[in-house]
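# Descriptive analysis of the structure
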Amino acid sequence: MENVLKNYNLIKQEISKKKNVKLVAVSKTFPISHILPVINEGHNDFGENKVQEALEKWASIKQDFPNIKLHLLGKLQTNKVKFVLPLFDYIHSLDSLKLASKISEQQIKKNFKPKMFIQVNIGNEPQKGGVDEADLENFYRKCIEEFNLKIIGLMSIPPFDKDSLPYFKKMNELSNNLGLTEISMGMSNDYLEAIKQGSTFIRIGSKIFGSRD
Ligand SMILES: *Cc1c(COP(=O)(O)O)cnc(C)c1O
């Protein structure tokens with residue numbers, strides 16, 4: 001069994017001087033029993049990839065720990081949008097206008113506005129979600145003007161097999177161009193690099209909870 005608390009505290013210590021950096025502990029695939037030590041340590045931000053899994057795992061825990069904030073990191077299908085509010089406080093994977101429109105409807109219905117990141121397909125990978133760089137500015141304008149969404153920043157997952165640095169730099173540039181303040185980038189293997197390039201939300205799973213096999 002992984003020493004989850006030790007892993008967690010090591011990372012907390014590494015980033016302790018970075019006041020603007022928030023750690024999202026990515027707990028997908030792990031049962032609550034595995035996550036509980038980190039909750040009891042006072043950590044509040046957790047990331048999940050799947051709506052159904054998150055509902056089962058977090059709905060009641062969130063009532064016991066009202067400070068917990070849940071972050072949806074994975075692809076969101078439009079037919080699942082009705083289940084995500086108010087369970088998720090943050091959505092990192094906004095990647096289409098159709099999705100923007102559905103979330104817009106739901107946030108009125110539920111009277112709850114999640115904080116959102118626009119996912120950018122920074123490596124132009126056909127198999128990956130995300131808005132193309134060329135469409136980003138238009139997409140952003142529509143999200144705030146037409147859909148009244150609370151867009152706080154950009155998110156990306158750089159290509160798996162390449163050095164993340166040039167992609168992080170590009171993200172920083174795109175974020176500055178739009179005047180956004182938050183950037184969600186950096187995972188277990190590259191979060192220190194991401195922080196150097198301006199990341200404000202790092203998403204760390206395996207380095208805290210162990211490998212997901
Ligand atoms: C799983 C996942 C993470 C965490 O990945 P690790 O490499 O385990 O740190 C971060 N972001 C997204 C979008 C993920 O799907």
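For the structure itself, consult the block above.
Residues numbered from 1 in each chain as written. Predicted model: local features only at pLDDT ≥ 70, side-chain atom pairs only at ≥ 80, totals over all residues. Heavy atoms only, no water.

Okay, helix 6 (residues 136-145) next. Along helix 6, the positions that sit buried rather than exposed are Leu 136, Phe 139, Tyr 140 and Cys 143. Seen end-on, helix 6 carries its buried residues on one side only, within an arc spanning 100°. Away from its buried face, by an angle of more than 90 degrees, helix 6 presents the exposed residues Asn 138 and Glu 145. Against the buried residues of helix 6 lie strand 4 (90-94), helix 5 (97-109), strand 5 (115-119), strand 6 (150-155) and helix 7 (165-178). (Buried < 20%, exposed > 50% of the residue type's maximum accessible area, 1.4 Å probe, protein only. Helix = DSSP H or I, 4+ residues; strand = E, 2+ residues; numbered from the N terminus. Arc of directions from axis to C-beta. Contact = heavy atoms within 4.5 Å.)

Next up on the list: the site of the ligand. Taken together, 13 residues lie near the ligand, and Lys 28, Ser 188, Gly 205, Ser 206 and Arg 212 sit nearest. Measuring from an oxygen atom of the ligand, one finds a backbone N or O atom of Gly 205 at 2.8 Å. Here Ser 206 contributes a backbone N or O atom positioned 2.8 Å from an oxygen atom of the ligand. For the ligand, whose free accessible area comes to 390 Å², the fraction covered by protein is 91%. Applying the majority rule of atoms within 2 Å of the grid points places the ligand in the largest pocket. A class-by-class count of the residues in the shell around the ligand yields six nonpolar, four polar and three charged. (Near = heavy atom within 4 Å. Polar contact = N/O pair within 3.5 Å; in protein donor to acceptor, adjacent residues only side chain to side chain. Areas by Shrake-Rupley, 256 points an atom, 1.4 Å probe, with all protein chains shown as cover. 1 Å grid on protein atoms, 1.4 Å probe; cavity = no way out; pocket = protein on both sides within 12 Å on 5 of 7 lines; lining within 4 Å. Sits in = over half its atoms within 2 Å of the grid points. Nonpolar A, V, L, I, M, F, W, Y, C, P; charged D, E, K, R; others polar.)

Turning next to the packing of aromatic side chains. Under the definition given, this model contains four aromatic pairs. Pairing Tyr 90 with Phe 201 gives two aromatic rings, centres 5.6 Å apart and planes at 55°, and the pair type is tilted. Here Tyr 90 is found in strand 4, whereas its partner Phe 201 is found in strand 8 (residues 201-204), with 111 residues between them in sequence. When its relative accessible area of 2% is taken as the criterion, Phe 201 is described as buried. On the numbers, 5.2 Å between centres and 75° between planes, the contact of Phe 117 with Phe 201 is edge-to-face. Taken together, the residues Phe 117 in strand 5 and Phe 201 in strand 8 connect sequence positions 84 residues apart. Taken individually, Phe 117 and Phe 201 each receive the classification buried, so the pair is uniform in this respect. An aromatic cluster is present here, built from Tyr 90, Phe 117 and Phe 201 joined pairwise through their rings. (Phe/Tyr/Trp six-rings, centres within 6.5 Å; stacked < 30°, edge-to-face > 60°.)

With that out of the way, let us pick up the pairing of strand 2 (residues 45-48). With burial as the criterion, each face of strand 2 is covered, one bearing Asp 45 and Gly 47 and the other bearing Phe 46 and Glu 48. Bridging between strand 1 (residues 22-26) and strand 2 involves two bridges; their strand directions are parallel. Looking across to strand 2, one finds that Ala 25 is bridged to Phe 46. Pairing analysis gives four bridges linking strand 2 to strand 3 (residues 69-72), with the strands arranged parallel. Paired with Gly 47 across the two strands is His 71, which belongs to strand 3. Handedness of the β-α-β unit built from strand 2, helix 3 (residues 51-64) and strand 3 comes out right-handed. (Pairing = 2+ DSSP bridges. Right-handed = clockwise from strand over helix to strand, strands pointing away.)

With that settled, the discussion passes to the environment of Pro 86. On the secondary structure map, Pro 86 appears in the loop between helix 4 (81-84) and strand 4. Since its relative accessible area comes to 47%, Pro 86 is described here as partly exposed. Along the sequence, Pro 86 and Phe 160 sit 74 residues apart, while their C-alpha atoms lie 31 Å from each other. For Pro 86, the residues in contact, after removing those within four places along its chain, are Lys 62 and Phe 112.

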